[in-house]
Each structure stands twice: as C-alpha cells, then as structure tokens.
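# Observations on the three-dimensional arrangement
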Amino acid sequence: MNRLIVLIGYRGSGKTTVGGILARQLGWDFLDADTILEGRYGKTIKDVFAAEGEPGFRDKESAILADLCQRSDAVIATGGGVVLREANRELLRQHGFVAWLSADARALWARIQDDPATAARRPALAGGGLAEVEQLLAAREPLYRASADVEVPVAGLSPEQAADAILAAWISHSPKSSG
C-alpha cells in the first residue's frame, strides 16, 4: 500500500485544515481534491455543478481521486461526496489509510456557516440549510463508515488534536516497515 492518508467526511468536518496539519507532521505533501479539481477545470465546484450537473461533477471528482490515489507520502482531503460512488470507495480502500472526520449535523452546519468560502464555491445539494446537512449526512454516514479505517469525531477536538488522533491510528494500523 502507498503511504497515503485520505480524509473523508462531510463538508465542514475540517478535512482541509486537519489534512494540512497532518501533512506537515509527516513531512508529506498535502493535496486538497476540491482545490485540484477547481484548478484543473478552471471553475469553482459550484460552477461545475451549474454547467454539468451533479453527474458531471462526480465524473471529474472520480478522475481526480484516481490520479491522487497514485501518489505516495501524501495526505489527501477529499470532497464530502466522494464516497457516493462505489468505484471511489474501492479506490480509497485499495490505496490509502482512510480517516473519517465525523460530526453531528448541527456542528457541521455551524462550521459551514462560519466559512465564507463555502457559499461562493460549493452548491446547495438538497435545498440548503441544516435540513440539507441532516438529509445528506444520514445518506452518507453508512458510506463513510464502510470506507474508513478509523473514525475521528471532530466536534470536540481542535484541528491539531484531530491530526494527532489520525496519526496515532495510522501508526498503529501500519506495518512496521511503512511507519
């Protein structure tokens, strides 16, 4: 297995912040799949959704994930819906140590509200608001759980504590030769 740690979880769970901290701790590259997608296609995720719908976006997301899973010595922050496709869940299981940053819908909604970039760059997928978070989280939680090697409940943790928890789980999970 590549030395790859992949962070999954709902929007607002802290994948980008925690991933950057974790990559610095390991001396690895940090790769944000959403940022890479926007750079590759020259559009925000919201604009891709508007132009191509969710299927077009998910195709692009899957292509980015396939590319990133070929990397080694990297921490990857994925988009919140990457687990919706079985092929993506299989890639995650095959290529990396997968950490699920979990939180309840109210905590996620509060974090999303505090992030001014979210409204500009991310589409509403099911009507918006707390109801959207609750609806999508209920649908995605089983997929996150099935994909993850470890669940890290982040609502009560600082980003540094979450990174430390992932690092500890990865070290205990990894064969001695790769840690």
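Residues numbered from 1 in each chain as written. Predicted model: local features only at pLDDT ≥ 70, side-chain atom pairs only at ≥ 80, totals over all residues. Heavy atoms only, no water.

## Observations regarding the pairing of strand β4 (residues 97-102)
This is how the line gets drawn: Exposure classes here rest on a 1.4 Å probe applied to the protein chains alone. A residue is buried below 20% of its type maximum, exposed above 50%, and partly exposed in between. Helix and strand labels come from DSSP, where a helix needs a run of H or I of at least four residues and a strand needs a run of E of at least two; each type is numbered from the N terminus. Whether two strands pair comes down to DSSP finding at least two bridges between them.
Among the six residues of β4, six are classified as buried, and the element is accordingly described as predominantly covered. Inspection of the sheet shows strand β1 (residues 4-8) paired to β4 by four bridges, in the parallel sense. When the sheet's bridge partners are listed, Ile 5 is paired in β4 with Phe 97. Relative to strand β5 (residues 150-153), β4 is paired through four bridges, and the arrangement is parallel. Across the sheet, Ala 99 pairs through a bridge with Val 150, a residue of β5.

## Side note on the sheet that holds β1
Basically, it comes down to this: Every axis in this analysis is a line fitted to C-alpha atoms, fitted for helices over the stretch in contact. Angles between the N-to-C directions lie between 0 and 180 degrees.
Strand order across the open sheet formed by five strands is β2-β3-β1-β4-β5, with parallel pairing between neighbours. The two strands at the open ends of the sheet, each matched to only one other strand, are β2 (29-32) and β5. The sheet shows a mean angle of 20 degrees between the axes of neighbouring strands, taken without regard to direction.

## A closer look at helix α2 (residues 33-41)
Put simply, the rule reads: What the arc describes is the spread of directions from the helix axis to the C-beta atoms. Here a polar contact is taken to be a pair of N or O atoms separated by no more than 3.5 Å, where protein atoms must pair a possible hydrogen donor with a possible acceptor and residues adjacent in sequence count only if both atoms sit in side chains.
Ala 33, Asp 34, Leu 37 and Glu 38 are the residues of α2 that are buried. Down the axis of α2, the buried side of the element spans an arc of 135 degrees, and every buried residue falls inside it. Here α2 starts with a cap whose side-chain oxygen sits 3.0 Å from the backbone nitrogen of Asp 34, and that cap is Asp 32. Gly 42 sits one or two residues past α2 and shows a positive phi near 65 degrees.

## Looking at helix α1 (residues 15-26)
Under the convention used in this document: For a helix, the expected span equals 1.5 Å multiplied by the residue count minus one. Contact between two residues is taken to exist if any of their heavy atoms lie within 4.5 Å; hydrogens are not considered.
Spanning twelve residues, α1 covers 16 Å between terminal C-alpha atoms, matching the ideal 16 Å at 1.5 Å per step. Taken together, the buried positions of α1 are Lys 15, Val 18, Gly 19, Gly 20, Ile 21, Leu 22 and Ala 23. Those residues of α1 that are buried are in contact with β1, β2, β3 (74-77), β4 and α8 (159-173). Downstream of α1 by a residue or two, Gly 27 has a phi angle that is positive, lying close to 75 degrees.

## Some details on the environment of Leu 143
Mapped onto the elements of the fold, Leu 143 is located in helix α7 (residues 129-147). Along the backbone, Leu 143 and Arg 89 are 54 residues apart, and their C-alpha atoms lie at a distance of 8.0 Å.

## Here's the deal with the pattern of salt bridges
This is how it is decided: Any carboxyl oxygen of Asp or Glu that lies within 4 Å of a side-chain nitrogen of Lys or Arg is treated as forming a salt bridge with it.
In the structure shown here, the tally under the stated rule is ten salt bridges. Between Asp 73 and Arg 3 there is a salt bridge whose closest N-O contact spans 2.7 Å. Taken together, the residues Asp 73 in the loop between α3 (45-68) and β3 and Arg 3 in the segment before β1 connect sequence positions 70 residues apart. Exposure remark for Arg 3: the relative accessible area of 28% places this residue in the partly exposed category. As a salt-bridge pair, Glu 90 and Arg 93 come within 3.1 Å of each other at their nearest N and O atoms. Here Glu 90 pairs with Arg 93, and both are found in helix α4 (residues 86-95), just three residues apart, close to one helical turn. Taking the relative accessible area as the measure of exposure, Arg 93 reaches 34% and is therefore partly exposed. What emerges from the salt-bridge pattern is a single network uniting Glu 86, Arg 89, Glu 90 and Arg 93.

## Considering the packing of helix α5 (residues 105-113) against α7
Basically, it comes down to this: When an angle is under 35 degrees it counts as roughly parallel; over 145 it counts as roughly antiparallel; between 65 and 115 it counts as roughly perpendicular; any other value is oblique. Two helices crossing with the near one rotated counterclockwise from the far one by less than a right angle form a left-handed crossing, whereas a clockwise rotation gives a right-handed crossing. Just so you know the grouping, Ala, Val, Leu, Ile, Met, Phe, Trp, Tyr, Cys and Pro go in nonpolar, Asp, Glu, Lys and Arg go in charged, and all remaining residues, Gly too, go in polar.
Between α5 and α7, the least distance of the axes is 9 Å, while the angle of their chain directions is 130 degrees. With respect to each other, α5 and α7 are oriented oblique. In this structure, α5 crosses over α7, and the sense of that crossing is right-handed. Along its contact with α5, which presents Ala 105, Arg 106, Leu 108, Trp 109 and Ile 112, the element α7 presents Gly 129, Leu 130, Val 133, Glu 134 and Leu 137. The residue inventory of the contact of α5 with α7, partitioned by class, reads seven nonpolar, one polar and two charged.

As far as function goes, none of this settles anything; it's purely spatial.
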